[in-house]
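Residue-level structural notes
Listed below, chain by chain, are the residues.
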Amino acid sequence: MNKKRVYIAGHNGMVGSAIVRQLQNHDDVELVLRSRKELDLVNQGAVADFFKAEKIDEVYLAAAKVGGIVANNTYPADFIYENLMIQSNIINSAHKANIERLLFLGSSCIYPKQAGQPMSENALLTGSLEETNEPYAVAKIAGIKLCESYNRQYGKDYRSVMPTNLYGPNDNFHPENSHVIPAMMRRFHEAKIKRSETVGVWGTGNPMREFLCVDDMAKACLHVMGLPRDKYKAVTRPMLSHLNVGTGFDISIRDLANTMAEIVGFSGEIVFDESKPDGSPRKLMNVDRLAELGWSSTIELAQGLKDTYKWYLENVLIVRG
């Protein structure tokens, strides 16, 4: 059997590792993987040489510099530069190596801060972005437009998916530079171990957020890549070709904190620090396009959080009592 050689950029990250887990079940796929030490994706020459040598058939572009509000506020130059370089190097090198199929993974932060809810793909570039992560969002928008431009000029089949907030195995549980679910999970766990009476949560607790388990995201990626080209093009436009990926449901940060406390086993008081920023008031994805293409999420939030906490206990260095 001639196996399809598939390169997953960022295979050690949360999304990339989930895609690897899915593709490992396909006998017709040969995975091509490189760690950051083996291949610096910011280095244009190194990326070009890699693609010339490896004879790759498909690319999943899941590599990115990511982080929460604190990280985006602290390192805006790093976020825009590294993400622009990574995606530009990979997309252009894939084109020069005559690779016809590529999937670019973006983020829901591409949409305007005051976008109508739920956010449809049509909302792209219709208003100002959320200030705290604008550099990262601009880079991701550029990635979409890179794919669309190579499709228009060279006839490539480069597709883009925009996930909502993701969580799950291999997430970043850093106490400061992480997203809301891993940061909250670690904080609640450590409070339980230390028998703390309170746990602090940033903001008012009122913002609404949508969360998708990364294993669902990986399944969506394979589904989108497996769509016939004419079917994908039937629900997209040449310069508005990205697809939202989410659950179609959201939850308040306050309710998320209460759910997290219950799953982790923290019985103290949750204190909301209203001096800290809330970010966007609501971020819910319209997932009608992807539903029309035959995919919807299957992992409910409570079950996904339970599975993630189990993974955290088994795999992450934590403070144990």
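Refer to the preceding data block for the structure.
To start, this report covers the structure provided alongside it. (Residues numbered from 1 in each chain as written. Predicted model: local features only at pLDDT ≥ 70, side-chain atom pairs only at ≥ 80, totals over all residues. Heavy atoms only, no water.)

Description of the pairing of strand 3 (residues 58-61)
Here is the rule: With a 1.4 Å probe rolled over the protein chains alone, any residue whose accessible area is under 20% of its type maximum counts as buried; one over 50% counts as exposed, and the rest are partly exposed. By definition, any uninterrupted DSSP run of H or I lasting at least four residues is a helix, any uninterrupted run of E lasting at least two residues is a strand, and each is numbered from the N terminus. DSSP bridges decide pairing: two strands pair if at least two such bridges lie between them.
Neither face of strand 3 is exposed, since Glu58 and Tyr60 on one face and Val59 and Leu61 on the opposite face are all buried. Here strand 1 (residues 4-9) runs beside strand 3; their pairing, made up of four bridges, is parallel. In the sheet register, tyrosine 7 faces strand 3, and the bridge partner there is valine 59. Bridge count for strand 3 against strand 4 (residues 101-105) is four bridges, and the pairing is parallel. Directly across from valine 59, in strand 4, lies its bridge partner leucine 102.

Observations regarding the pattern of salt bridges
For the record, the criterion: Salt bridges, as used here, are contacts in which a Lys or Arg side-chain nitrogen is within 4 Å of a carboxyl oxygen on Asp or Glu.
What the rule picks out here adds up to 16 salt bridges. One salt bridge connects arginine 101 with aspartate 157, and the closest N-O pair in it is separated by 3.1 Å. Separated by 56 residues along the polypeptide, arginine 101 in strand 4 and aspartate 157 in strand 5 (residues 157-163) bring together distant segments of the chain. Neither residue differs from the other here; arginine 101 and aspartate 157 are each classed as buried. A salt bridge links glutamate 314 to lysine 310; its shortest N-O distance comes to 2.9 Å. Taken together, the residues span about one helical turn, with glutamate 314 and lysine 310 both in helix 11 (residues 301-315) at a distance of four residues. On the basis of relative accessible area, glutamate 314 is assigned to the exposed category, the value being 53%. Each of Lys4, Glu58, Arg101, Asp157 and Arg159 takes part in one network of salt bridges that share partners.

A short note on the packing of helix 2 (residues 44-54) against helix 4 (residues 76-96)
Quick note on the threshold: Note on method: axes are straight lines fitted to C-alpha atoms, helices fitted across the in-contact stretch only, with angles between N-to-C directions ranging 0 to 180 degrees. Whether a crossing is left-handed or right-handed is set by the direction in which the near helix is turned from the far one by less than a right angle, anticlockwise for left-handed and clockwise for right-handed. Any pair of residues with heavy atoms lying within 4.5 Å of one another is described as a contacting pair. Gly is placed with the polar residues, together with every amino acid not listed as nonpolar (Ala, Val, Leu, Ile, Met, Phe, Trp, Tyr, Cys and Pro) or charged (Asp, Glu, Lys and Arg).
For the pair helix 2 and helix 4, the least separation of the axes is 9 Å and the interaxial angle reads 35 degrees. As helix 2 packs across helix 4, the resulting crossing turns out to be right-handed. Across the interface between the two elements, Gln44, Val47, Ala48 and Phe51 of helix 2 pack against Asn89, Ile90, Ser93 and Ala94 of helix 4. For the contact of helix 2 with helix 4, a count of residues per class yields five nonpolar, three polar and no charged.

Description of the environment of isoleucine 91
Secondary-structure assignment places isoleucine 91 in helix 4. Residues within four places of isoleucine 91 in sequence aside, it is in contact with Leu61, Leu102, Gly143, Leu146, Cys147, Tyr150 and Tyr158.

Some words on the sheet that holds strand 10 (residues 243-245)
The pairing of strands in a sheet happens through backbone hydrogen bonds and is either parallel or antiparallel. Taken in spatial order, the six strands line up as 2-1-3-4-5-10 in an open sheet, and their pairing is parallel. Edge positions in the sheet fall to strand 2 (29-32) and strand 10, since each has one partner strand and no second. Strand-to-strand twist in this sheet, taken as the mean axis angle between neighbours without regard to direction, amounts to 25 degrees. Sitting on the sheet, helix 4 is in contact with strand 1, strand 3, strand 4 and strand 5, with an inclination near 170 degrees to strand 3. In the packing of helix 7 (residues 214-226) onto the sheet, the strands contacted are strand 3, strand 4, strand 5 and strand 10, and the crossing angle to strand 4 comes to about 145 degrees.

A closer look at the side chain of aspartate 216
Relative to the helices and strands, aspartate 216 resides in helix 7. Here aspartate 216 is in contact with Trp295, Ser297, Thr298 and Ile299, once residues within four sequence places are set aside.

Comments concerning the packing of aromatic side chains
Note the cut-off: Pairing of aromatic rings covers Phe, Tyr and Trp, the last counted by its six-membered ring, and requires centre-to-centre distances within 6.5 Å; plane angles under 30 degrees mean stacked, over 60 mean edge-to-face, and any other angle means tilted. Throughout this description, the term charge over a ring refers to an Arg CZ or Lys NZ atom that lies within 6 Å of the ring centre and within 35 degrees of the ring normal.
All chains considered together, the criterion is met by nine aromatic pairs. On the basis of an interplanar angle of 85 degrees and a centroid distance of 5.8 Å, the ring pair of tyrosine 7 and phenylalanine 51 is categorised as edge-to-face. Of the two residues, tyrosine 7 sits in strand 1 while phenylalanine 51 sits in helix 2, which places them 44 residues apart along the sequence. Among the residues examined, tyrosine 7 registers a relative accessible area of 1% and is labelled buried. Overall, phenylalanine 51 belongs to the buried group, its relative accessible area being 3%. Three or more aromatic residues joined by ring pairs form one cluster here, namely Phe173, Tyr309, Trp311 and Tyr312. One Lys or Arg, lysine 65, reaches over the ring of phenylalanine 79 and ends 5.3 Å from the middle of that ring. Of note, arginine 159 hangs over the ring of tyrosine 232, and the distance from its end group to the ring centre comes to 4.5 Å.

Considerations on the side chain of lysine 156
Which entries qualify depends on this criterion: Each polar contact in these results corresponds to two N or O atoms within 3.5 Å; when the atoms are within protein, one needs to be able to donate a hydrogen and the other to accept it, and residues that are neighboring in sequence are counted only if both atoms are side-chain atoms.
By the element assignment, lysine 156 lies in the loop between helix 5 (134-154) and strand 5. A polar contact of 3.2 Å, which involves the side chain of lysine 156, links it to the side chain of glutamate 100. In this structure, lysine 156 is in contact with His95, Asn98, Ile99, Glu100, Tyr150, Asn151 and Arg229, ignoring residues within four places of it in sequence.

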